[in-house]
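Structure assessment
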Amino acid sequence: MSNYLSYYDAIKASTTLWKPANNFQSYTSSSTKYPVSSGGSSGLVMLDGASTANLAGVEAVSESIGYSLLLAAQYNDKTTFDRISAFIQTAMKASGKTLMPWEVVTPDNGVTWQVPPATNPGTSQEVNYSTSASDGDINIALGYVYAYLAGSTYGWSPNDSNGNSYYNLAANYIDSIRELDFNAKDSNTYNRYILADGSNQVLYAGGITGSWHPDYSDPRAYQLFQYFDSENAQFWESAENQTLTSWKAVFDFGSADPRNQQSGNGSINFATQDSNLSNATTYGIQAAASYSGYTGSRYSDKYAPDSQRMPIRLLNYVQASENASNTDMSGIASSMLSALGTSFQYGDGSGTENGKNQITQYVPISPSPYANGGYNTQNFTAAGLLALAAAPATTWANKDAVFSNLDDRFGSTGMGSGASSQIPNNLTGDSGYNDALTLWALTVAAKGGSNVNTGLQTAVNNFQSSSSTSALATNDLTNYSGNFKASVFKSAKYGTDLNFYVTVGDKGGVRDAVSGAILLPGDANYTKIAQANIGNLGTFVGEDEKTISILLKDHSAKGLHYAPIATVSDSIYGQQIYFAFAAANPDNKEHFKLGNDRTLAFEDMYNLGDGDFNDIKISFSKA
């Protein structure tokens with residue numbers, strides 16, 4: 001568990017950061033109230049008194065609610081998670097939406113919550129609060145992904161206290177993000193895979209065309225989403241790749257990069273200029289196939305170095321085991337670490353030690369160009385800086401000193417008495433956004449044994465997306481509408497029936513038709529459920545010492561993933577069933593290999609026997 005568990009406990013205990021939710025009422029002529037309940041308890045809402053809308057009453061926004069959902073999962077707090085989720089699901093139901101409304105308000109201190117009516121309706125300045133904020137949507141979807149993974153990490157049940165499957169909650173929310181938070185009709189094909197701005201969701205007539213906040217997008221989230229939306233895996237791969245291309249265009253992405261900071265607004269060549277830090281304002285986008293062709297405008301003449309979510313989005317990507325070789329992204333993280341770290345070390349820019357390495361409420365940004373306009377780094381940016389300095393993938397000469405300094409400043413609880421030696425205690429107002437985002441950055445950070453992240457974050461880092469896993473699980477049986485034939489060679493000691501079963505994604509998940517639960521290799525009853533999902537492709541028995549050609553019986557279910565399952569009549573150990581996933585096998589050994597020519601080779605002996613992987617070989621080709 002993270003060193004900052006006590007900080008989470010303090011946030012959880014704060015009566016100023018949370019309000020209950022007993023009901024949700026549509027803000028229309030109807031007075032229908034929808035009760036919010038989670039296992040007999042009310043819903044729970046994290047507040048944000050400094051929200052954009054500045055409405056009357058106590059406010060909350062989807063971004064903060066999403067952060068609180070993530071933290072509850074990471075800190076193994078299922079009860080709180082389910083209460084927050086109950087509020088999200090009820091708000092969507094009452095609003096007739098499939099994504100969480102951007103802004104909600106309670107005029108009666110949590111008894112009843114509402115989506116406020118639109119401001120300036122029918123004009124170009126209209127703000128419609130019932131639509132969603134795309135960055136908040138990403139946070140909420142990630143929260144449900146984390147809850148699903150908490151089953152294998154913390155032993156959570158697959159359902160929430162109201163009986164809803166975490167897998168289904170994630171899948172449904174991710175599906176809506178794909179449908180509603182991306183512009184599938186953009187005339188520029190590449191822009192179709194860039195996450196829409198929050199402004200595009202809440203402003204009249206779609207908001208500013210082509211605007212983009214770099215730190216709203218989350219390519220690691222897109223990798224995880226492929227598991228829950230496997231039929232649209234190619235979409236999420238495109239979204240991931242386009243975000244990385246756009247990040248490379250906007251940010252300095254390597255220590256040897258010769259590009260220089262460019263000030264001012266108006267036209268900017270993203271291929272040769274950069275901002276180093278995530279800007280609080282937006283960028284006009286015209287995405288291209290490569291970062292060198294990326295053009296557009298920056299909608300500000302100031303740098304806003306409170307890089308918000310950018311360090312966390314970056315770290316979630318570069319800390320994932322499958323992305324370890326992406327030097328461009330670790331280069332962006334290193335560039336941001338250098339810029340923020342330099343500013344942190346320079347203190348107030350007076351040339352003296354005054355303010356150096358001090359995190360009180362803000363850190364002045366200095367020297368130029370980072371001091372432009374007097375912008376300041378807030379405490380959640382300091383937490384992001386700590387996380388960047390903790391990441392093994394980042395490089396900077398002063399990273400260890402910055403990490404140690406900040407780790408000490410935050411202290412074991414992440415909050416102090418207000419003295420200059422620690423981060424001030426911010427749990428006195430209702431700025432849940434600030435505190436939740438700060439803690440998220442601290443939780444993501446991992447540095448050997450000195451700052452250990454949560455077990456769930458480790459599981460997320462090691463989780464493989466469908467684009468990264470072995471093609472062994474699909475064997476090219478997807479994304480082709482025609483027929484396949486199989487060439488089967490058999491030289492087996494034992495009688496073997498080899499089939500293919502349908503999986504959810506290509507990590508071997510199988511769906512229980514009764515409960516709807518997704519079981520992974522190694523889970524109890526996995527073999528039974530896999531057998532219930534065997535596809536109608538044929539049984540690949542083959543003939544001894546011969547290669548025969550078999551036309552697959554049915555390939556009408558285009559886009560499905562398949563994995564092999566072999567039933568072996570072992571004269572010594574009895575009947576054995578083997579999969580392409582070692583965790584599901586009785587001996588926990590790999591019984592399938594995929595050759596460079598994409599031939600699937602099977603070994604039929606328990607504990608691999610002679611290990612010749614020549615007992616059955618199958619290759620596929622278009623018929």
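For the structure, see preceding data.
Summary of the structure given here. (Residues numbered from 1 in each chain as written. Predicted model: local features only at pLDDT ≥ 70, side-chain atom pairs only at ≥ 80, totals over all residues. Heavy atoms only, no water.)

1. Topic: the overall build of the protein
Our working definition: Elements are defined by DSSP. Helices are runs of H or I of four residues or more, strands are runs of E of two residues or more, and each kind is numbered from the N terminus. Accessible area is worked out with a 1.4 Å probe on protein chains only. A residue is then buried under 20% of its type maximum, exposed over 50%, and partly exposed in between. Residue contacts follow a heavy-atom distance rule, with two residues in contact if any of their heavy atoms lie within 4.5 Å. The Shrake-Rupley method, run with a 1.4 Å probe, gives the accessible areas here. Residue values count only the displayed protein chains as cover.
The number of helices and strands found in the protein is 15 helices and 25 strands. For the protein, the residues scored as buried account for 57% of the 623 residues in total. In the protein, of all internal contacts separated by at least 6 residues, the share reaching a separation of at least 24 is 68%. Entry remark: accessible area of the protein is about 23,200 Å², with carbon and sulfur atoms responsible for 46%.

2. Notes on the packing of aromatic side chains
Here is the rule we go by: Stacked, edge-to-face and tilted are the three classes for Phe, Tyr and Trp ring pairs, Trp counted by its six-membered ring, which pair at centre distances within 6.5 Å; planes under 30 degrees apart are stacked, over 60 edge-to-face, the rest tilted. For a lysine, the NZ atom is tested; for an arginine, the CZ atom; a charge sits over a ring if that atom is within 6 Å of the ring centre and within 35 degrees of the ring normal.
As enumerated under the stated definition, the model contains 28 aromatic pairs in all. Taking the centre distance of 5.9 Å and the plane angle of 80° together, the rings of Phe182 and Trp236 count as edge-to-face. Of this pair, Phe182 sits in the loop between α5 (166-180) and α6 (198-202) while Trp236 sits in helix α8 (residues 233-250), and the two are 54 residues apart along the sequence. A residue is classified by how much of its surface remains accessible, and Phe182, at 7% relative accessible area, is buried. Residue class for Trp236 comes out buried when judged on its relative accessible area of 0%. Ring centres of Tyr578 and Phe602 lie 6.2 Å apart, and the angle between their planes is 55°; on these two criteria the pair is classed as tilted. Within this pair, whereas Tyr578 is found in strand β22 (residues 574-579), its partner Phe602 is found in strand β24 (residues 600-602), the two being separated by 24 residues in sequence. Residue class for Tyr578 comes out buried when judged on its relative accessible area of 0%. An aromatic cluster of at least three residues, connected via ring pairs, comprises Phe182, Tyr193, Tyr222, Phe225, Phe235 and Trp236. Taking NZ or CZ as reference, Lys593 lies 4.4 Å from the ring centre of Phe613, over its face.

3. As for helix α2 (residues 62-74)
How we decide: Expected helix span is taken as 1.5 Å per residue step, with the number of steps being one fewer than the number of residues.
Look at α2: 18 Å from first C-alpha to last across 13 residues, which is about the 18 Å you get at 1.5 Å a residue. Across the 13 residues that make up α2, a large majority, 13, are buried. Immediately beyond the C-terminal end of α2, within one or two residues, lies Asn76, with a positive phi of roughly 55°.

4. Observations concerning the sheet that holds strand β21 (residues 561-570)
As a reminder, the rule being used: One requirement defines pairing of two strands: DSSP has to find at least two bridges between them. Interaxial angles span 0 to 180 degrees and are taken between N-to-C directions of axes, which are lines fitted to C-alpha atoms, for helices over the stretch in contact.
Across the sheet, 3 strands lie side by side as β17-β21-β22; this open sheet has antiparallel pairing. Bordering the open sheet on either side are β17 (495-503) and β22, each of which pairs with just one other strand. Within the sheet, the average angular offset between the axes of one strand and its neighbour, ignoring direction, is 20°. Summarising the sheet, β17 and β21 pair through 9 bridges and their orientation is antiparallel. Opposite Phe500, over in β21, you have Pro564 as the bridge partner.

5. A closer look at the pairing of β22
The pairing of β21 with β22 spans 6 bridges and is classified as antiparallel. The partner of Ala566 across the bridge, within β22, is Tyr578. The antiparallel hairpin formed by β21 and β22 contains 3 residues in its connecting segment.

6. Thoughts on the nonpolar core
Which entries qualify depends on this criterion: The set of buried Ala, Val, Leu, Ile, Met, Phe, Trp, Tyr and Cys residues whose side-chain atoms join them within 4.5 Å is what this entry labels a nonpolar core.
Ranked by size, the top nonpolar core spans 125 residues in total, and within it Phe87 and Phe225 carry the most contacts. The contacts of Phe87, once residues within four sequence positions are left out, are Ala21, Phe24, Val36, Leu44, Val45, Ile65, Met100, Val104 and Trp113. Val488, Leu519, Ala566 and Leu600 belong to the second largest nonpolar core, which has 31 residues in total.

7. Points about the environment of Ala566
Tracing the chain through its elements places Ala566 in strand β21. Placed 10 residues apart in sequence, Ala566 and Gln576 show a C-alpha to C-alpha distance of 8.1 Å. In this view, Ala566 contacts Thr496, Asp497, Leu498, Gln576, Ile577, Tyr578, Phe592 and Phe602; residues no more than four positions away in its chain are not counted.

8. Section: the side chain of Gln457
Cut-off, in case you're wondering: In protein, a polar contact means a hydrogen-donor-capable atom and an acceptor-capable atom, both N or O and within 3.5 Å, with residues adjacent in sequence counting only if both atoms are side-chain atoms; elsewhere, any N or O pair within 3.5 Å suffices.
Checked against the element boundaries, Gln457 lands in helix α14 (residues 455-462). Only 2.7 Å separates the side chain of Gln457 from the side chain of Gln74, close enough to count as a polar contact. When near neighbours in sequence (up to four residues on either side) are disregarded, Gln457 contacts Gln74, Tyr146, Asn316, Thr443 and Val444.

9. Looking at helix α4 (residues 134-154)
Heads up, the condition is: Consider a residue and the seven residues that end there alongside the seven that start there; fitting an axis to each set, the bend is the angle between those axes.
In this model α4 runs 29 Å from its N-terminal to its C-terminal C-alpha over 21 residues, within 8% of the 30 Å that 1.5 Å per residue would give. Helix geometry: α4 is bent most strongly at Tyr148, by close to 30°. Summarising burial for α4: 17 of the 21 residues are buried, a large majority.

10. Looking at the pattern of salt bridges
This is how the line gets drawn: For salt bridges, the criterion is a side-chain nitrogen of Lys or Arg within 4 Å of an Asp or Glu carboxyl oxygen.
Tallying each qualifying case throughout the model produces 10 salt bridges. With its nearest N and O atoms 3.0 Å apart, the salt bridge here joins Arg178 to Glu179. Between Arg220 and Glu322 there is a salt bridge, with its nearest N and O atoms 3.2 Å apart. Of the two residues, Arg220 is situated in helix α7 (residues 219-228) and Glu322 in the loop between α9 (310-318) and α10 (327-346); the sequence distance between them amounts to 102 residues. For Arg220, a relative accessible area of 2% corresponds to the buried category. Salt bridges here are not isolated pairs; linked through shared partners, they connect Asp175, Arg178, Glu179 and Asp229.

11. Some thoughts on the packing of α8 against α9
The test is simple: An angle below 35 degrees is read as roughly parallel, one above 145 as roughly antiparallel, one from 65 to 115 as roughly perpendicular, and any other as oblique. Rotating anticlockwise by less than a right angle from the far helix to the near helix defines a left-handed crossing, while the corresponding clockwise rotation defines a right-handed one. Put simply, Ala, Val, Leu, Ile, Met, Phe, Trp, Tyr, Cys and Pro go in the nonpolar bin, Asp, Glu, Lys and Arg in the charged bin, and everything else, Gly too, in the polar bin.
Orientation of α8 relative to α9, taken along the N-to-C sense of each, is 125°, at an axis distance of 13 Å. Taken together, α8 and α9 sit at an angle that is classed as oblique. Classified by chirality, the crossing of α9 by α8 is left-handed. Contact residues: Glu240, Leu244 and Trp247 in α8; Met310, Arg313, Leu314 and Tyr317 in α9. Considering only residue class, the contact of α8 with α9 consists of 5 nonpolar, no polar and 2 charged.

12. Description of unusual backbone geometry
The backbone of Asn109 shows a phi angle near 65°, a positive value even though the residue is not glycine. For Asn109, the location among the structural elements is in the loop between β6 (103-106) and β7 (112-114).

13. Looking at the environment of Arg192
With respect to the helices and strands, the residue Arg192 is situated in the loop between α5 and α6. A relative accessible area of 29% places Arg192 in the partly exposed class. Sequence separation between Arg192 and Gln242 is 50 residues; the distance between their C-alpha atoms is 9.2 Å. The residues touching Arg192, leaving out its near neighbours within four places in the chain, are Phe182, Asn183, Ala184, Lys185, Asp186 and Phe235. Only 3.4 Å separates the side chain of Arg192 from the backbone oxygen of Ala184, close enough to count as a polar contact. Separated by 2.7 Å, the side chain of Arg192 and the backbone oxygen of Asp186 make a polar contact.

14. Quick look at the environment of Gly495
Its place among the elements puts Gly495 in strand β17. For Gly495, a relative accessible area of 40% gives the class partly exposed. Through-space distance from the C-alpha of Gly495 to that of Val541 is 8.3 Å; in sequence the pair is 46 residues apart. Setting aside its immediate chain neighbours within four residues, Gly495 contacts Thr567, Val568 and Ser569.

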